[in-house]
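Next come the chains, spelled out residue by residue.
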Amino acid sequence: MEAVALRRGETAPELIEKPRPDPDPGEVLVRTLRVGVDGTDHEVIAGRHGELPADDDHLVLGHEAVGVVADPNGTDLREGDLVVPTVRRPPADGPTEWFERGQPDMAPPDETVERGISGAHGFMSEYFTSPTEYLVTIPDSLAKWGFLVEPVSISEKALELAEASRSAFDWRPESAIVLGNGSLGLLTLAMLDDRFERTYCLGRRDRPDPTIDVIEDLGATYVDSRQTPVSEIPDVHEPMDLVYEATGYAKHAFESVGALAPNGVAALLGVPDSWTFEVDGGDLHRELVMTNKALVGSVNSGRRHFEAATETLSDMPAWLLDDLVTGSYDVSEFEQAFEDDETTIKTAVKFHTQ
Ligand code: NAP
Ligand code: BGC
Ligand code: ZN
């Protein structure tokens, strides 16, 4: 079967041939429909994040997948069920504590592998196998957009953690800003639209730009970081009850604190490289304490978040998904799914139609 993989030492994905996998007991065989591409895939390809499986010379890419059960292999799933896989799996030496607790998304990085990202092959192949416990069944109506369940689940978890950090008092948030107009940022902006009265999204693009169009079509305000640095957002617009960082730009983690209203919370999602810069640690510390602010980091997502994401995605308007997904490419044209220019928002590689 064909698979899109990154070979050791290479800096671009390739189409390779691999044997179709056989499901082990407790596993099913899934026929892949579509697999999405996000900023993390670009970071993996650039060698800035993740790692190849230790005993292989390549990594099959892709962690945002939707597929159809081709062989239920005696499990409770049925042939034809539409499924989305979660990303984390136990490391080679067996399940660690957070897997046993059913919350692998809370495992530290050395206690898990991530399919398509770190230490385990991903889903960008004609077929993949998975234990049923890591597959979430979704309605047939999501066959086309099901690859977006995983990224939406990332924000379900991050927003849950952020809201939980404010649950000790009567928090009445009204304003939210998403930092970053990539696919994660825009999907999250769409989620916040229903939950906040006023929403904003930060980018660094000139008009005309398809991401600014999506921001404004959602009724949100575009903020250009070249004109309005994050720390000046309260003066130019308003202090934010929620900041959702999805730029991976490390200064934003600290500047977020200055953009928050008292009692606000900033969720950090970006995975930056090492970067040394000056921060007034005294001001930052004082501000967090004296105005009851919180900074919450969040990575990955669990089954519960995938289930919530399925509902959230089902409620998203068709125009938004059409505008966000700027290309779905047959596997023979997979390279186009990895092109990252200003006309691209979200792309996917197509393996089968059903
Ligand atoms: P992406 O497509 O690369 O999006 C990042 C966006 O941020 C880009 O549109 C970029 O604008 C914008 N940006 C970067 N620096 C900026 C600045 N200084 N001012 C204004 N805009 C800026 O990536 P993504 O897939 O949306 O993901 C976003 C981040 O979240 C990445 O770091 C990714 O690794 C991380 N992530 C984390 C998780 C998790 O579980 N924690 C899950 C998914 C993704 P331009 O395109 O104009 O450069
Ligand atoms: C994936 C997560 C993963 C994270 C860190 C994200 O792009 O969606 O599932 O945990 O990267 O590798
Ligand atoms: Zn991702």
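That block above? That's the structure.
Remember, predicted model here, so these are calculated numbers, not experimental data.

## Remarks on the overall build of the chain
(1) Moving on: A count of helical and extended segments in the chain gives eleven helices and 19 strands.
(2) Moving on: Reported as C-alpha extents along the three principal axes, the dimensions of the chain are approximately 60 × 45 × 40 Å.
(3) Moving on: Here the chain, with 354 residues, has 54% of them falling under the buried criterion.
(4) Moving on: Within the chain, contacts between residues at least 6 apart in sequence are counted, and of these 70% link residues at least 24 apart.
(5) Moving on: Accessible surface computed for the chain: about 16,000 Å², of which carbon and sulfur atoms make up 45%.

## A short note on the coordination of the zinc ion (ligand 3)
(1) Moving on: Distances from the zinc ion (ligand 3) to its protein donors, namely Asp 38 (OD) and His 63 (NE2), fall within the range 2.1 Å.
(2) Moving on: Taken together, the four donor atoms coordinating the zinc ion (ligand 3) and their angles of 75 to 159° define a geometry best described as irregular. Of the two residues, Asp 38 sits in the loop between strand 3 (27-37) and helix 1 (39-45) while His 63 sits in the loop between strand 4 (58-60) and strand 5 (64-71), which places them 25 residues apart along the sequence.
(3) Moving on: The class for Asp 38 is buried, based on a relative accessible area of 14%.
(4) Moving on: Look at His 63 and you get buried, because its relative accessible area is 3%.

## A look at the site of ligand 1
(1) Moving on: The environment of ligand 1 is made up of 26 residues, and the closest members are Gly 39, Arg 204, Arg 205, Ser 225 and Ser 298.
(2) Moving on: With respect to ligand 1, the side chain of Arg 205 contributes an N or O atom lying 2.8 Å from an oxygen atom.
(3) Moving on: Backbone polar atom of Val 271 to an oxygen atom of ligand 1: 3.4 Å apart, as the coordinates give it.
(4) Moving on: For ligand 1, the accessible surface in isolation is 920 Å², of which the surrounding protein chains cover 84%.
(5) Moving on: When residues in the shell around ligand 1 are grouped by element, the largest group, three residues, is from helix 1.

## Notes on the packing of aromatic side chains
(1) Moving on: Tallying each qualifying case throughout the model produces five aromatic pairs.
(2) Moving on: With centroids separated by 4.7 Å and ring planes inclined at 55°, the aromatic side chains of Phe 123 and Phe 128 adopt a geometry described as tilted. The pair formed by Phe 123 and Phe 128 is uniform in burial state, with each residue classed as buried.
(3) Moving on: With centroids separated by 5.2 Å and ring planes inclined at 70°, the aromatic side chains of Tyr 249 and Trp 275 adopt a geometry described as edge-to-face. Linking Tyr 249 in the loop between strand 15 (240-245) and helix 7 (251-259) with Trp 275 in the loop between strand 16 (260-268) and helix 8 (281-290), this pair joins segments that are 26 residues apart in sequence.
(4) Moving on: Judged by its relative accessible area of 39%, Trp 275 falls in the partly exposed class.
(5) Moving on: A cation over an aromatic ring shows up here: Arg 20 above the ring of Tyr 127, its NZ or CZ 4.0 Å from the ring centre.
(6) Moving on: Taking NZ or CZ as reference, Arg 101 lies 3.9 Å from the ring centre of Trp 98, over its face.

## Digging into the pairing of strand 6 (residues 82-85)
(1) Moving on: Along strand 6, one buried face is formed by Leu 82 and Val 84 and the opposite face, lined by Val 83 and Pro 85, is buried too.
(2) Moving on: Looking at chain direction, strand 5 and strand 6 are connected through two bridges and run antiparallel. Along strand 6, the bridge assignment pairs Val 68 with Leu 82.
(3) Moving on: Across three bridges, the pairing between strand 6 and strand 11 (residues 135-137) is antiparallel. Directly across from Val 84, in strand 11, lies its bridge partner Val 136.

## What to know about the site of ligand 2
(1) Moving on: Around ligand 2 sit Asp 38, Thr 40, His 49, His 63, Val 87, Glu 114, Ile 117, Glu 150, Ile 154, Val 299 and Asn 300, and that is every residue in its neighbourhood.
(2) Moving on: A distance of 2.8 Å separates an oxygen atom of ligand 2 from a polar atom in the side chain of His 49.
(3) Moving on: Separating an oxygen atom of ligand 2 from a side-chain N or O atom of Asn 300 is a distance of 2.9 Å.
(4) Moving on: When ligand 2 sits alone it has 310 Å² of accessible area, and the protein chains cover 92% of it.
(5) Moving on: Residues belonging to the shell around ligand 2 are distributed by class as follows: four nonpolar, four polar and three charged.

## A word on the sheet that holds strand 8 (residues 113-115)
(1) Moving on: Read from one edge of the open sheet, three strands run 7-8-9, paired in mixed fashion. With one partner strand each, in any of the chains shown, strand 7 (88-89) and strand 9 (119-120) form the two edges of the open sheet.
(2) Moving on: Across two bridges, the pairing between strand 7 and strand 8 is antiparallel. Bridge pairing in strand 8 places Arg 88 opposite Glu 114.

## Points about the side chain of Lys 157
(1) Moving on: Summarising the element assignment, Lys 157 is placed in helix 3 (residues 149-164).
(2) Moving on: Filtering out sequence-adjacent residues up to four positions away, Lys 157 remains in contact with Asp 105, Met 106, Ser 298, Val 299, Asn 300, Ser 301 and His 305.

Definitions and limits used
Residues numbered from 1 in each chain as written. Chains lettered and ligands numbered in written order. Predicted model: local features only at pLDDT ≥ 70, side-chain atom pairs only at ≥ 80, totals over all residues. Heavy atoms only, no water. Helix = DSSP H or I, 4+ residues; strand = E, 2+ residues; numbered from the N terminus. Buried < 20%, exposed > 50% of the residue type's maximum accessible area, 1.4 Å probe, protein only. Contact = heavy atoms within 4.5 Å. Areas by Shrake-Rupley, 256 points an atom, 1.4 Å probe, with all protein chains shown as cover. Donors = N, O, S within 2.8 Å, 3.2 Å for Na, K, Ca; no water. Tetrahedral: all angles 85-135°; square planar, octahedral: opposite > 155°, others 65-115°. Near = heavy atom within 4 Å. Polar contact = N/O pair within 3.5 Å; in protein donor to acceptor, adjacent residues only side chain to side chain. Phe/Tyr/Trp six-rings, centres within 6.5 Å; stacked < 30°, edge-to-face > 60°. Lys NZ or Arg CZ within 6 Å of the ring centre and 35° of its normal. Pairing = 2+ DSSP bridges. Nonpolar A, V, L, I, M, F, W, Y, C, P; charged D, E, K, R; others polar.

Nothing here speaks to function; it is all geometry.
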